[in-house]
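Reading the structure
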Amino acid sequence: MGGTEHLNLERVGATLVLTLNRPEAKNALSLPMLVGLYDGWLEADADDTVRSVVLTGAGGAFCAGMDLKALAGDGMAGEEHRERMREDPDLHWKAMLRHHRPRKPVIAAVEGPCVAGGTEILQGTDIRVAAESAVFGLYEVRRGLFPIGGSTVRLPRQIPRTHALEMLLTGRPYPAEEAARIGLVGHVVPDGTAREKALEIAERINACGPLAVEAVKASVYETAGMPEPEALASELERGWPVFDTADAKEGARAFKEKRAPEFRRA
């Protein structure tokens, strides 16, 4: 499949697995990795046989944030990667899910450090699984920097404001159990099993009607922050067309016939 030297793409059934692959640098973000990530999101959206995406990291780490030396161009990036960035100066934000939202559900499988830019990418995912030894945090303020990947906007919308502000303003690390307690992640599993759990969740999603799944995800994000009457009207606009699909009729037939449905995105 596609990808770059710092990002692996793998198909597991109807799931596309994107693996950040710079284990020697705790998968810190490089230019080839960002280009590969963005291409991976585009591939998932364009391929109707992909029903979900798992994002994970190699070597017992998720992502240690930006590698400023690599992004400055220290020889790791080929000219084709630099040219992609020149053609699309917004590419890195799209890769980090700041300026791009995939149609398909994205499940994060976190082992080890998921800090700084890693925690910022995490906020662009839909479902999150963490290994017991995973560590989260936005360390930017400790270095006199700003978490500009979207965290001052997204984090207070995803977890209680008091926890979001503490994470943003102290720059301290958060172990997996605490991250789950405040709602940053949904599952904590034994070390080495985060990918397995993420794929288990993905398989459950894959068994559902893909048009319904994508419409539900879109509705959740589209209605966030809307007044309730406007949000409910938007939900109807998204939801009613799903009932007219062949997949909806197949779901009803399969229920009646006591068999698994065969959805065809129609």
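For the structure, see preceding data.
I will try to describe carefully the structure that is included in this document. Just so it is clear, the structure is predicted and the values come from calculations on it, not from any experiment. Residue indices begin from 1 for each chain and proceed along its sequence in written order. In keeping with the model being predicted, local features are shown solely for residues with a pLDDT of at least 70 and side-chain atom pairs are shown and tallied solely at 80 or more, while totals for entire chains, interfaces and linings include all residues. Where side-chain values are given, they derive from all heavy atoms of the structure, hydrogens and water being excluded.

1. Description of the pairing of strand E7 (residues 127-131)
Relative accessibility thresholds used throughout: buried, under 20% of the residue-type maximum; exposed, over 50%; partly exposed, between the two (1.4 Å probe, protein chains only). Helix and strand definitions here come from DSSP, where helices need a minimum of 4 consecutive H or I residues and strands a minimum of 2 consecutive E residues; each element is numbered from the N-terminal end. In terms of burial, E7 is a largely internal element, four of the five residues being buried. Two strands qualify as a pair provided that DSSP identifies no fewer than 2 bridges between them. Two elements, strand E5 (residues 106-110) and E7, share four bridges in a ladder whose sense is parallel. Of the residues in E7, the one forming a bridge with Ile107 is Ile127. Sheet analysis places E7 next to strand E10 (residues 187-189), joined by three bridges and oriented parallel. Among the inter-strand pairings, Val129 is bridged to a residue of E10, identified as His187.

2. Re the nonpolar core
What we call a nonpolar core is a set of buried Ala, Val, Leu, Ile, Met, Phe, Trp, Tyr and Cys residues that are connected through their side-chain atoms within 4.5 Å. The biggest cluster of nonpolar side chains holds 46 residues, and the ones touching the most others in it are Leu37, Phe136 and Leu184. Apart from residues no more than four positions distant in its own chain, Leu37 is found in contact with Leu7, Leu18, Leu20, Leu55, Ala95 and Ile121. Ranked by size, the runner-up nonpolar core spans 13 residues in total, among them Val17, Ala109, Val189 and Ala194. Contacts are assigned to residue pairs with any non-hydrogen atoms lying within 4.5 Å of each other.

3. Observations regarding the packing of helix H6 (residues 151-158) against helix H7 (residues 161-170)
Between N-to-C directions, angles cover 0 to 180 degrees, with each direction set by a line fitted to C-alpha atoms, over the stretch in contact for helices. Look at H6 against H7: their axes get within 7 Å of each other, and the N-to-C directions meet at 145 degrees. Where H6 crosses over H7, the handedness of that crossing is right-handed. Residues Ser151, Thr152, Leu155 and Pro156 of H6 lie in contact with H7, whose contacting residues are Ala164, Met167 and Leu168. When residue character is reported, Ala, Val, Leu, Ile, Met, Phe, Trp, Tyr, Cys and Pro are called nonpolar, Asp, Glu, Lys and Arg charged, and the others, Gly included, polar. Partitioned by chemical class, the residues of the contact of H6 with H7 number five nonpolar, two polar and no charged. Each crossing gets its handedness from the near helix: less than a right angle anticlockwise from the far helix is left-handed, clockwise is right-handed.

4. Things to note about unusual backbone geometry
With phi around 60 degrees, Asn27 is a residue other than glycine that occupies positive phi space. Take Asn27: it is sitting in the loop between strand E3 (15-20) and helix H1 (31-46). The class for Asn27 is buried, based on a relative accessible area of 0%. In this structure, Lys258 takes a positive phi of about 55 degrees despite not being glycine. Examined against the element boundaries, Lys258 turns out to sit in the segment after helix H12 (246-257).

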